[in-house]
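So you can see what is in the structure, the chains are spelled out below.
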Amino acid sequence: MLSRAFSRIARRAPAVRSWAAEPVTPRALVTTSADGGFVVHPEDYEFKQPQFTRRRGMGIVHDPIVNKGTAFSLPERDRLHIRGMVPPRELGMDVQTQKIIKGFRACETDVEKHLFLQGLQDRNETLFYKALLDNIEEMAPIVYTPVVGKVCQQFGHLFRRTRGMYFSSQDRGQMASMVYNWPHDDVQVIVVTDGSRILGLGDLGANGMGIPVGKLSLYVAAGGVDPRRTLPVMLDCGTDNEELRNDPTYLGMTHRRLKGDEYFSLVHEFVMSVFQRWPNALLQFEDFSTANAQAILDAYKGIKLCFNDDIQGTGAVTLAGLLGALRAQKSDQMLRDQKIFVVGAGSAGIGVATSICQGMQHQGLTEEEANSRIWVFDDKGLIGSNRAEDSLSPQQRPFRRRDEEGDLSLKDAIAKHRPAILLGLTGVSGLFTEPVVREMAKHHARPIIFPLSNPTSSAECTAEQAYEWTEGRAIFASGSPFDPVVMNGKTLRPSQCNNMFIFPGVGLGATGVRSKAVTDEMLFAGVQALADSVTEEEIDAGMVFPPVSKIRNVAIAVAAAVARSAMAHGIARRMPPANLEAFLDRTMWKPEYRPIIQNVY
Ligand SMILES: NC(=O)C1=CN([C@@H]2O[C@H](COP(=O)(O)OP(=O)(O)OC[C@H]3O[C@@H](n4cnc5c(N)ncnc54)[C@H](O)[C@@H]3O)[C@@H](O)[C@H]2O)C=CC1
Ligand SMILES: CC(=O)C(=O)O
Ligand SMILES: [Mg+2]
């Protein structure tokens, strides 16, 4: 009787194997009973999934994916044949993390901080992500914008160790085999750039590799994608940046940028090659110049699992930010009631205008009515009737205003139309001058001012300026973070409106259900989830986005909404359990050490 009960219980309990000895917490796993038997407590058994590696001995210590530095336990050192190869004292993750924070804060410049973290990432990815996640507000600006911009500008000089893959014009015809050089079979997210428009810094050629690396760090930290399943890519099609081409330390192809067929055929070979090896991966296009970004998106949207972060991700995050800003205004007005100025008509500006237009249509306007509430400006001024249709791209054309010529300055146009919302996507620092911002403040109690260009040096105005010129009344969000501003004893908290609040969730949700594509509906579902994740307390504190410290929770909410939308529209190839949030949370990679198992057969 007892033995039958025991075997039943034993079947339920996970088998204790010798290699799993170290992760088991030193709690009683069983209670002995008076009759000589025992009862197991499966719920007390903390089983950590092992991590398999083909590396042996020192290969393990030198592989950042499995390396634990000083945190290998003695039994594990024996098992992995590294006993004596690391210092004798075992220092766990907590002490290691404290050491990292101390070293990080001791760095004198932001670029040094970036290199410090990059060095850690190259040695021990688990610890890198532990430190990053625990200190995301402090470290995200170092790993990502704005500091990544500076790092890209000096990429060749700072280069220490390779990361990701480079495909270039000299690899034509080879890419389908080159993809097999990548050591991981199960890539989940690929971020690719051709370096032609890196943040607001222009053509940085192959130096732009810092951007896919930085974006994917956020995919791991926020979206819980396993670092082994990320692939940063530089698609090097040359550069028109003369200075770089003449720089002896420049690491990319030194010819001028490919154009037309030569360019698009290279892009196509790359796209087909990565999907051939990783058919379930999500491909994110990042920082392609406006001239090519839309054409590439149009070619693959709907037929491959891909999206353009600057067009679609920025559109989505800005729309969510505006919904938050309208809540912060505490008026009954809806998005569809607003007049909106979008300054900048590149891929980001037009992506934002298009998303806002879609948002207004969801609130009942026709496409034409929605377009009529948006004024788009570029470096020649308002896109008005004095512009020939054929001088505009197909995406810009719907925003050409037929009702006015477009000869007014930005300030005069604000005075005339009194928009409540001013968005900057120009990459031009200081474009929102004092007269421009004061004009916004004249007509609205709480003007909404979003200088969205990155990095900080390209922002159309600073948080301090926006608050000062509006007597602290502006509702402010920027692409790169600004510190809180104290005015008249009150602390004003700028928000960060950056596609980092969208792309990790889109990637996690779309790949989580094996969606066939990323649709506008999926992105719109992500917008609503992001907007809903801002609490009333945050709105009352003047914020229109959650703090960056909540980015993992935001990613889960966005991912669940994106995944549900894919399922509802019949393009999901995997149906996860009903509790999607719990499922996603369970599947997310977490920065914790796991038992390493050699799998050499
Ligand atoms: N916050 C965020 O999440 C994101 C921000 N961005 C930022 O958006 C900016 C623009 O990106 P893209 O559209 O790809 O660049 P782009 O170079 O294609 O477009 C810039 C646009 O600004 C216009 N412009 C330039 N000078 C102007 C002036 N003085 N007045 C009015 N318009 C002017 C240009 O005519 C062009 O239409 C970049 O700085 C980028 O960092 C992009 C994506 C996401
Ligand atoms: C944030 C981003 O994607 C950009 O500035 O290009
Ligand atoms: Mg970008």
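Naming follows an unreviewed UniProt entry, where the protein appears as Malic enzyme of Cafeteria roenbergensis. In its Sequence similarities (unreviewed entry) section, the UniProt entry covering the protein states "Belongs to the malic enzymes family."

Can you walk me through the coordination of the magnesium ion (ligand 3) in this structure?
A four-donor tetrahedral metal ideally has 109.5 degree angles, and a six-donor octahedral metal ideally has angles of 90 or 180 degrees. In the first shell of the magnesium ion (ligand 3), the protein supplies Glu286 (OE), Asp287 (OD) and Asp310 (OD), at 2.0 to 2.1 Å from the metal. Site description for the magnesium ion (ligand 3): donor spacing in sequence, E-D-x22-D. In this pair, Glu286 sits in the loop between strand 7 (282–285) and helix 14 (290–300) while Asp310 sits in helix 15 (residues 309–329), placing the two residues 24 residues apart along the sequence. Across the pair, exposure class does not vary: Glu286 and Asp310 are buried alike.

I tried to follow the site of ligand 1 on my own but got confused; where do I start?
Taken together, the neighbourhood of ligand 1 is formed by 26 residues, with Arg197, Thr290, Thr314, Ala345 and Ser347 sitting nearest. Between Leu452 and ligand 1, the recorded distance is 3.0 Å, taken from a backbone N or O atom to a nitrogen atom. Within the complex, the protein chains bury 83% of what would otherwise be the 860 Å² of accessible surface of ligand 1. When residues of the shell around ligand 1 are traced back to their parent elements, those giving at least two are helix 15 and helix 16 (347–362). For the shell around ligand 1, the per-class residue count stands at 9 nonpolar, 13 polar and 4 charged. Looking at the shell around ligand 1, you find at least three residues from each of domain 2 (142–288) and domain 3 (312–497).

Would you mind going over the pattern of salt bridges with me for this structure?
When their charged atoms lie close together, side chains carrying opposite charge are able to pair. By the definition in use, this model includes 37 salt bridges. The partner of Asp337 in a salt bridge is Arg336, and the shortest N-O contact between them spans 3.9 Å. Among the charged side chains, a salt-bridge network with shared partners connects Asp240, Glu242, Arg245, Arg256 and Lys259.

How should the sheet that holds strand 11 (residues 381–382) be read in this particular structure?
Strand order in the open sheet made by the 7 strands is 11-10-9-12-13-14-17, with mixed pairing throughout. Edge positions in the sheet fall to strand 11 and strand 17 (495–496), since each of these pairs with one other strand and no more. Judged from the 2 bridges that link them, strand 10 (residues 374–378) and strand 11 form a sheet pairing that is antiparallel. Following the sheet pairing, Asp378 is matched in strand 11 by Gly381. Across the sheet, helix 16 is in contact with strand 9 (340–343), strand 10 and strand 12 (421–424); its angle to strand 10 comes to roughly 175°. Together, strand 9, strand 10 and strand 12 form the strand contacts of helix 18 (residues 410–417), whose direction differs from that of strand 9 by roughly 165°.

Would you mind showing me how to read the packing of aromatic side chains here?
How two aromatic rings sit relative to each other is set out by the distance from centre to centre and by the angle between their planes. Following the criterion strictly, the structure yields 13 aromatic pairs and no others. Judged by centre distance (5.7 Å) and plane angle (80°), the ring pair of Tyr129 and Trp589 falls under edge-to-face. You can see Tyr129 sitting in helix 6 (residues 125–134) and its partner Trp589 sitting in the loop between helix 25 (580–587) and strand 18 (596–598), a full 460 residues away along the chain. For the pair formed by Tyr129 and Trp589, the shared burial category is buried. Taking 5.8 Å as the distance between ring centres and 50° as the angle between the ring planes, the aromatic pair formed by Tyr467 and Phe476 counts as tilted. A network of ring pairs unites the aromatic residues Phe128, Tyr129 and Trp589 as a single cluster. Directly above the ring of Phe104 sits Lys113, whose terminal nitrogen or CZ lies 5.1 Å from the centroid. Sitting over the face of the ring of Trp375, Arg401 holds its NZ or CZ atom 3.8 Å from the ring centroid.

Looking at this structure, I do not really get unusual backbone geometry. What am I missing?
Leave glycine aside and you will find that most residues have negative phi; peptide bonds, for their part, are mostly trans. For the bond running from Thr145 to Pro146, omega is 10°, close enough to zero to count as cis. Position of Pro146 among the secondary structure elements: in the loop between helix 7 (136–143) and helix 8 (147–153). With an omega of -10°, the peptide bond running from Asn454 to Pro455 counts as cis. Secondary-structure assignment places Pro455 in the loop between strand 13 (448–451) and helix 20 (463–469). Positive phi values are uncommon outside glycine, yet Leu199 reaches one of about 45°. With respect to the element layout, Leu199 can be found in the loop between strand 5 (189–193) and helix 11 (210–221). On the accessibility criterion, Leu199 (11% relative accessible area) is buried.

Honestly, the packing of helix 22 (residues 520–532) against helix 24 (residues 551–568) in this entry has me stumped. Any pointers?
A pair of packed helices is captured by two measures, namely the crossing angle of their axes and the spacing between those axes. Close contact between helix 22 and helix 24 brings their axes to 8 Å; oriented N to C, the two are set at 145°. Judged by the twist between their axes, the crossing of helix 22 over helix 24 is right-handed. When helix 22 is examined against helix 24, the residues Glu521, Met522, Ala525, Gly526, Ala529 and Leu530 are found in contact with a partner set consisting of Val554, Ala557, Val558, Ala561, Val562, Ser565 and Ala566. Tallied by class, residues from the contact of helix 22 with helix 24 come to 10 nonpolar, 2 polar and 1 charged.

Help me out: how do you make sense of the UniProt feature "domain: Malic enzyme N-terminal" (unreviewed entry) in the protein in this one?
As annotated in UniProt, the feature "domain: Malic enzyme N-terminal" (unreviewed entry) corresponds to residues 121–301 in the numbering used here. With 45% helix and 11% strand, the stretch residues 121–301 has end C-alpha atoms that lie 33 Å from each other.

Help me understand the UniProt feature "active site" (unreviewed entry) in the protein in this model?
Per the UniProt record, the feature "active site" (unreviewed entry) sits at Tyr144 and Lys215. For the residues just named, distributed over 72 residues, the greatest C-alpha separation is only 7.0 Å, placing them together at one site. Contacts of Tyr144, omitting those with residues within four sequence positions, involve Gly214, Lys215, Leu218, Asn498, Asn499, Met500 and Phe503. Tracing the sequence through the fold places Lys215 in helix 11. We classify Lys215 as buried; its relative accessible area is 4%. In this view, Lys215 contacts Tyr144, Val191, Gln284, Glu286, Asp309, Asn499 and Phe503; residues no more than four positions away in its chain are not counted.

Is there a simple way to think about the site of ligand 2 in this case?
Inspection of the region around ligand 2 gives Tyr144, Arg197, Leu199, Lys215, Glu286, Asp287, Asp309, Asp310, Asn454, Asn498 and Asn499 as its neighbouring residues. A distance of 3.0 Å separates an oxygen atom of ligand 2 from a polar side-chain atom of Lys215. Take Asp310: an N or O atom from its side chain is 3.0 Å from an oxygen atom of ligand 2. For ligand 2, whose accessible area on its own is 220 Å², the fraction buried by protein is 91%. In terms of residue class, the shell around ligand 2 is built from 2 nonpolar, 3 polar and 6 charged.

What should I look at first to understand the nonpolar core in this one?
If you look at soluble globular proteins, the nonpolar side chains tend to sit buried side by side. Leu423 and Phe450 are the most contacted members of the largest nonpolar core, which totals 110 residues. Looking at this core, the element that brings in the most residues is helix 24, giving 10 residues. Leu231, Leu258, Phe288 and Cys306 belong to the second largest nonpolar core, which has 32 residues in total.

So, how was this worked out
- Residues numbered from 1 in each chain as written.
- Chains lettered and ligands numbered in written order.
- Predicted model: local features only at pLDDT ≥ 70, side-chain atom pairs only at ≥ 80, totals over all residues.
- Heavy atoms only, no water.
- UniProt positions renumbered as here; feature names shortened; annotations may be inferred.
- Donors = N, O, S within 2.8 Å, 3.2 Å for Na, K, Ca; no water.
- Helix = DSSP H or I, 4+ residues; strand = E, 2+ residues; numbered from the N terminus.
- Buried < 20%, exposed > 50% of the residue type's maximum accessible area, 1.4 Å probe, protein only.
- Near = heavy atom within 4 Å.
- Polar contact = N/O pair within 3.5 Å; in protein donor to acceptor, adjacent residues only side chain to side chain.
- Areas by Shrake-Rupley, 256 points an atom, 1.4 Å probe, with all protein chains shown as cover.
- Nonpolar A, V, L, I, M, F, W, Y, C, P; charged D, E, K, R; others polar.
- Domains from an automatic or database assignment.
- Salt bridge = Lys/Arg side-chain N within 4 Å of Asp/Glu carboxyl O.
- Pairing = 2+ DSSP bridges.
- Contact = heavy atoms within 4.5 Å.
- Axes fitted to C-alpha atoms, helices over the stretch in contact; angles between N-to-C directions.
- Phe/Tyr/Trp six-rings, centres within 6.5 Å; stacked < 30°, edge-to-face > 60°.
- Lys NZ or Arg CZ within 6 Å of the ring centre and 35° of its normal.
- Left-handed = near helix turned anticlockwise from the far one by under 90°.
- Core = buried A, V, L, I, M, F, W, Y, C linked by side-chain atoms within 4.5 Å.

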